[in-house]
Amino acid sequence: MAEETELLGRYKEINEERQKLYARYSPKMLLGAKDYEEPNAIAANSLAESIQKNSCINFDLVVCASGKESKKTGEIEVDEIESEQQHEEAIGSEGALAAYILSSQRKHIAINIAPNKKQELNVIYIADEFKPLELNIKVGEHSEASIFEWFAGTSHVAVLNEIEADSDSKAEINIVHNEAEKSRIAALGLINAFHGAKLRVNSAYAGGLSTFSTFFADAKEPGSSIALNNVVLGNADQRFDIGSVIVNSEQETSALARSGAALSDSSYCSVKDFAKMEKNAKNASSYVEERGLLQGNSHFVPLPDMSVDTKDVLEATHSASATPLDSKTMFYLMTRGISETAAKQSLFLAFIMKYASFVENQKTKEIIATILRNKLAENRIEQAPKLSAANLWQVTK
């Protein structure tokens, strides 16, 4: 992307302030280690076919890390960037993750939505071996786009998502991480929204053993709007380190980060959302919300913060809360003949569906709901869940 260097530099500059706050909550993740099964092309292809069949979605691009790909549209370009540096490294910061991906041999996907166009695109990435991914998305001016990214597979994942929304465009990017139980996931998003652009990024985290994910989102020009919505469903010993940096750079901009984590067993999630309102951000609004619902020995660590460099703002708010399952509600449901297990699942489902409700694309919303509901019901990650609209009444706007 044309502004890749500038955007990374700006992110690192703002992130210095954030890193001082969150240094003790930034564990390192080992990437490049070959502690997963060898690539199996037949199994990867079979998984991709099962996902397409069960989700009832005609995917425009299917990519396997080990090599095979198939695409059905000219808006997407796929290539592989060669590098001799394919090494094992402990990553402890977003800057280090970006440097690692950009210096490694990696898959590269470019999605370009032409100006004045309405487009819906669906992408599957099967991690059947460890190979970093660089994904560039550009939405042209006056365009409207809905893009779905589905990550699955048995290997580790390292992805750099660069998203640019040009003037007066509207885009929704929906991302699902549903990798296998032993996968490690490292993700960094870099986002620019230009004059009057409306951009929403919804991320659902269900799979993997450990996840490290941060988005840097800049409402760069007047009238632009950015919303980041995250939902986390953790069980067993899963670890999630989720964060964002949202920036109001100019006047009359809007930046929002909203996260909900439903945790059980010994799972852990920290959420580190940092909001920055620059001097020129007059009549701008910024909002951060972090919520956790806990069961068993799970832990939720919310760490919202905000830096405001201007007085003339419409809104500058951050909040956080964590609560165990409500025993009174549990008792009420059980007196109505509902089992303890079913009552817990219903309360968890109601909580996470609040965050799924922010997805505007109906089919994607059904897929996210299916993945989360199946994980609750079966206590495992199902790589290719069969689409079901059951209990979608719990998804409200």
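Calculation notes
- Residues numbered from 1 in each chain as written.
- Predicted model: local features only at pLDDT ≥ 70, side-chain atom pairs only at ≥ 80, totals over all residues.
- Heavy atoms only, no water.
- Salt bridge = Lys/Arg side-chain N within 4 Å of Asp/Glu carboxyl O.
- Helix = DSSP H or I, 4+ residues; strand = E, 2+ residues; numbered from the N terminus.
- Buried < 20%, exposed > 50% of the residue type's maximum accessible area, 1.4 Å probe, protein only.
- Axes fitted to C-alpha atoms, helices over the stretch in contact; angles between N-to-C directions.
- Parallel < 35°, antiparallel > 145°, perpendicular 65-115°, else oblique.
- Left-handed = near helix turned anticlockwise from the far one by under 90°.
- Contact = heavy atoms within 4.5 Å.
- Nonpolar A, V, L, I, M, F, W, Y, C, P; charged D, E, K, R; others polar.
- Phe/Tyr/Trp six-rings, centres within 6.5 Å; stacked < 30°, edge-to-face > 60°.
- Expected span 1.5 Å × (residues − 1).
- Arc of directions from axis to C-beta.
- Polar contact = N/O pair within 3.5 Å; in protein donor to acceptor, adjacent residues only side chain to side chain.
- Pairing = 2+ DSSP bridges.
- Lys, Arg positive; Asp, Glu negative; His and termini not counted.

Right, let's talk about the pattern of salt bridges for a bit. The final tally for this structure, using the stated rule, is 11 salt bridges. One salt bridge in this structure joins lysine 117 and glutamate 75, with 2.4 Å as the shortest N-O distance. Of this pair, lysine 117 sits in the loop between β6 (106–113) and β7 (118–127) while glutamate 75 sits in the loop between β3 (69–71) and β4 (76–81), and the two are 42 residues apart along the sequence. By relative accessible area, which is 32% here, lysine 117 ends up partly exposed.

Moving on: the packing of helix α4 (residues 327–335) against helix α5 (residues 340–356). Here α4 crosses α5 at 130°, and the two axes come no closer than 9 Å. Between α4 and α5, the crossing angle belongs to the class labelled oblique. Note that α4 runs across α5; the crossing there is right-handed. Where α4 approaches α5, its residues Thr329, Met330, Leu333 and Met334 are matched on the opposing element by Glu340, Ala343, Lys344 and Leu347. Broken down by class, the residue content of the contact of α4 with α5 amounts to five nonpolar, one polar and two charged.

Moving on, we come to the packing of aromatic side chains. How two aromatic rings sit relative to each other is set out by the distance from centre to centre and by the angle between their planes. Going through the model one piece at a time under the given rule, you end up with seven aromatic pairs. With a centroid separation of 6.3 Å and an interplanar angle of 70°, the aromatic rings of phenylalanine 59 and tryptophan 150 are classed as edge-to-face. You can see phenylalanine 59 sitting in the loop between α2 (41–55) and β2 (61–64) and its partner tryptophan 150 sitting in strand β9 (residues 144–153), a full 91 residues away along the chain. Grouping residues by exposure puts phenylalanine 59 and tryptophan 150 together as buried. Pairing tyrosine 100 with phenylalanine 130 gives two aromatic rings, centres 6.4 Å apart and planes at 35°, and the pair type is tilted. Of this pair, tyrosine 100 sits in helix α3 (residues 94–102) while phenylalanine 130 sits in the loop between β7 and β8 (133–139); the two residues are 30 residues apart in sequence, bridging distant segments of the chain. Considered together, tyrosine 100 and phenylalanine 130 belong to a single accessibility category, that of buried residues.

Right, let's talk about α2 for a bit. Every α-helical turn comprises 3.6 residues, leaving residues that sit three or four positions apart pointing alike. A rise of 1.5 Å per residue sets the reference length of α2, with its 15 residues, at 21 Å; its end C-alpha atoms lie 21 Å apart and thus fit the reference within 8%. Among the residues of α2, those classed as buried are Ala44, Leu47, Ala48, Ile51, Asn54 and Ser55. In an axial view of α2, the angular spread of the buried residues amounts to 145°, which keeps them on one side of the axis. Along α2, the residues that are exposed and aim more than 90 degrees away from the buried face are Ile42, Glu49 and Lys53. On its buried side, α2 packs onto β2, β7, β9 and α6 (362–378). Downstream of α2 by a residue or two, cysteine 56 has a phi angle that is positive, lying close to 60°.

Here we take up the environment of serine 213. Counting through the fold element by element, serine 213 comes out in strand β14 (residues 210–219). Each C-alpha atom of the pair serine 213 and alanine 187 lies 4.6 Å from the other, and the pair is 26 residues apart in sequence.

Once that is clear, we can look at the side chain of serine 143. The residue serine 143 is located in the loop between β8 and β9 in this model. A distance of 3.1 Å separates a polar side-chain atom of serine 143 from the backbone nitrogen of asparagine 116.

Glancing now at the pairing of strand β10 (residues 157–165). Remember that side chains alternate between the two faces of the sheet whenever the strand is regular. Burial of β10 is extensive: nine of the nine residues sit out of reach of the surface. Neither face of β10 is open: one carries Val157, Val159, Asn161, Ile163 and Ala165, the other Ala158, Leu160, Glu162 and Glu164, and all of them are buried. Inspection of the sheet shows β8 paired to β10 by seven bridges, in the parallel sense. Bridge pairing links glutamate 134 to leucine 160 in β10.

Below, the discussion takes up unusual backbone geometry. Non-glycine residue asparagine 116 carries a positive phi angle of around 60°. Position of asparagine 116 among the secondary structure elements: in the loop between β6 and β7. On the basis of relative accessibility, which here comes to 60%, the residue asparagine 116 falls in the exposed class. For glutamate 252, which is not glycine, the phi torsion reads 55° and is therefore positive. Its location among the elements puts glutamate 252 in the loop between β16 (239–248) and β17 (254–263). Look at glutamate 252 and you get exposed, because its relative accessible area is 52%.

Right, let's talk about the side chain of lysine 375 for a bit. Note on placement: lysine 375 falls in helix α6. One buried charged residue, lysine 375, remains without a salt bridge, the closest side chain of opposite sign being aspartate 265 at 8.5 Å. Of note is the side chain of lysine 375, whose polar atom sits 2.6 Å from the backbone oxygen of leucine 233. Contact partners of lysine 375, with chain neighbours within four places excluded, come to Ala206, Leu233, Gly234, Asn235, Gln238, Arg380 and Ile381.

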